[in-house]
Amino acid sequence: MAKIGELDSAKVTVLLDDYAGYESRFLAQHGISILLEAVYEGKQYRILLDVGQSAYPILHNMELMGISPSSIDAIVLSHCHYDHTGGLVEFLKAAGKRDFPIVAHPDIFRENYAFRPIIQNIGVSQDNSREAVEEAGGRMCLVWEPLEIMPGVMVTGEVPRRRDFEKPGIGTWNVKDGKVAPDEIVDDISIVVKVKDKGISVLTGCSHAGIINIIDWAKEISGHDRVDLVIGGFHLIRASAQRIEKTAQALLELGVKKVVAGHCTGLSAQAEMARVLGDKFVQLGAGISVEL
Ligand SMILES: [Fe+2]
Ligand SMILES: [Fe+2]
């Protein structure tokens, strides 16, 4: 039974990725930003998933595409990492709006440490503290459960991690009350989109919850089984060959019609998905557009 509304139509465009493609006019940067253009009752709305590590290449690419930053209606942050949140305040300043809705998990502003090559916080930077974001016009909507931010567009909230081959954690750490513990990136959230007469589409940042866990959850919260598109980073860059094989196999078994993966997906996983999924697999890159 459907648990999500429906859009008239929708399109996703990659504003930023680690890769910009052969003979591309667009800029690349380690990070991701995906634009969703959603048409509901004849009117178009624009939602941004993530804002890269700095806004400059996103604003540059948007200008080439003829999209103004002030035309964005809402931003969803997939998780705390700097390559997804670093451009936030700069982007908000460029948009020049007040009460700009920003959806994220309540833990997004925690510190997230990496100790290689040396101690550093790879979570939200000081320049993008909650205070700085609000000062720049952002209005944080912090939610850990699924939230339909407009009819047909749902933010997943925390994703249950049920597939045993998708181990949690990426070797980053959380320091709380003087104690150090592995940080499992519980704040990892994605977007689910449903267009009339189509299957669902899933837009991800890094998929730290596991891309198959995310698809399982997207199906459950939307009440739809057919998956037309999965697009984003799958974070398989340092995954074992076994996990990569199982992921590609699961995408095939789930019947996903199109898989567009890049950013932190890694070359081995891209190659395996290209092998297993054939032309259903497309490499992510700045400037790519997919009609849902
Ligand atoms: Fe990332
Ligand atoms: Fe990440």
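For the structure, see preceding data.
Attention here is on the structure that accompanies the text. Within any chain, residue numbers begin from 1 and follow the written order of that chain's sequence. All chains are assigned letters beginning at A, and all ligands numbers beginning at 1, according to the order in which they are written. With the structure being a predicted model, the display of local features is reserved for residues of pLDDT at least 70 and the display and counting of side-chain atom pairs for 80 or more, all residues being used for whole-chain, interface and lining totals.

### Focus on the pairing of strand β5 (residues 100-104)
Our exposure labels follow a C-beta count within 10 Å of each residue's own C-beta, placed from the backbone: buried means 20 or more other C-beta atoms, exposed means 12 or fewer, and partly exposed covers the counts in between. Labels follow the DSSP assignment, with helices taken as runs of H or I lasting at least four residues and strands as runs of E lasting at least two, numbered in each case from the N terminus. The element β5 is extensively covered by neighbouring structure, given that four of its five residues are classed as buried. Two strands pair under a simple rule: DSSP has to find at least two bridges between them. Summarising the sheet, strand β4 (residues 74-76) and β5 pair through two bridges and their orientation is parallel. Within the sheet, the bridge partner assigned to V76 lies in β5 and is V103.

### Observations concerning the sheet that holds strand β13 (residues 191-194)
Read from one edge of the open sheet, seven strands run β9-β10-β13-β14-β15-β16-β17, paired in mixed fashion. The open sheet terminates on both sides in strands that have one partner only, identified here as β9 (147-150) and β17 (281-283). In this sheet, neighbouring strand axes are inclined to one another by 20° on average, regardless of whether the strands run parallel or antiparallel. In this sheet, β13 lies alongside strand β10 (residues 153-155) in antiparallel orientation, the contact comprising three bridges. Following the sheet pairing, V155 is matched in β13 by I191. Only C-alpha atoms enter the line fits that serve as axes; for helices the fit covers just the stretch in contact. Angles between N-to-C directions range over 0 to 180 degrees.

### A word on the packing of helix α6 (residues 241-253) against helix α7 (residues 267-277)
Two numbers describe how α6 lies on α7: the axes approach to 9 Å, and their chain directions differ by 35°. Where α6 crosses over α7, the two elements pack in a sense that is right-handed. Every residue of α7 that contacts α6 at I244, E245, T247, A248, Q249, L251 and L252 is listed here: S268, A269, E272, M273, V276 and L277. Among the residues making up the contact of α6 with α7, the classes are represented as eight nonpolar, three polar and two charged. Left-handed describes a crossing whose near helix is turned anticlockwise from the far helix by less than a right angle; the clockwise case is right-handed. Two residues qualify as being in contact provided that their C-beta atoms, derived from the backbone, are within 7 Å of each other. Just so you know the grouping, Ala, Val, Leu, Ile, Met, Phe, Trp, Tyr, Cys and Pro go in nonpolar, Asp, Glu, Lys and Arg go in charged, and all remaining residues, Gly too, go in polar.

### Remarks on the nonpolar core
Grouped together as the largest cluster of nonpolar side chains are 83 residues, with contacts concentrated most on I34, L36 and V193. If one sorts the elements of this core by residue count, helix α5 (residues 211-222) sits on top with seven residues. Dropping the residues within four chain positions of it, V193 is found in contact with L7, A10, L36, G152, V153, I200, S201, L203 and L292. Core membership is restricted to buried Ala, Val, Leu, Ile, Met, Phe, Trp, Tyr and Cys residues, and these are joined into a nonpolar core through C-beta atoms within 7 Å.

### Re α6
A helix's residues, less one, multiplied by 1.5 Å, set its expected span. Across its 13 residues, α6 extends 18 Å between first and last C-alpha, which sits within 8% of the 18 Å expected from 1.5 Å per residue. Within α6, burial applies to I244, T247, A248, A250 and L251. For α6, the angular spread of the buried residues around the axis is 160°, confining them to a single face. Those residues of α6 that are exposed and aimed more than 90 degrees away from the buried face are A241, Q242 and E253. At its buried positions, α6 is contacted by α5, β16 (258-262) and α7. Residue G255 follows α6 closely and has a positive phi angle near 75°. When we speak of the arc, we mean the arc of directions from the helix axis to the C-beta atoms.

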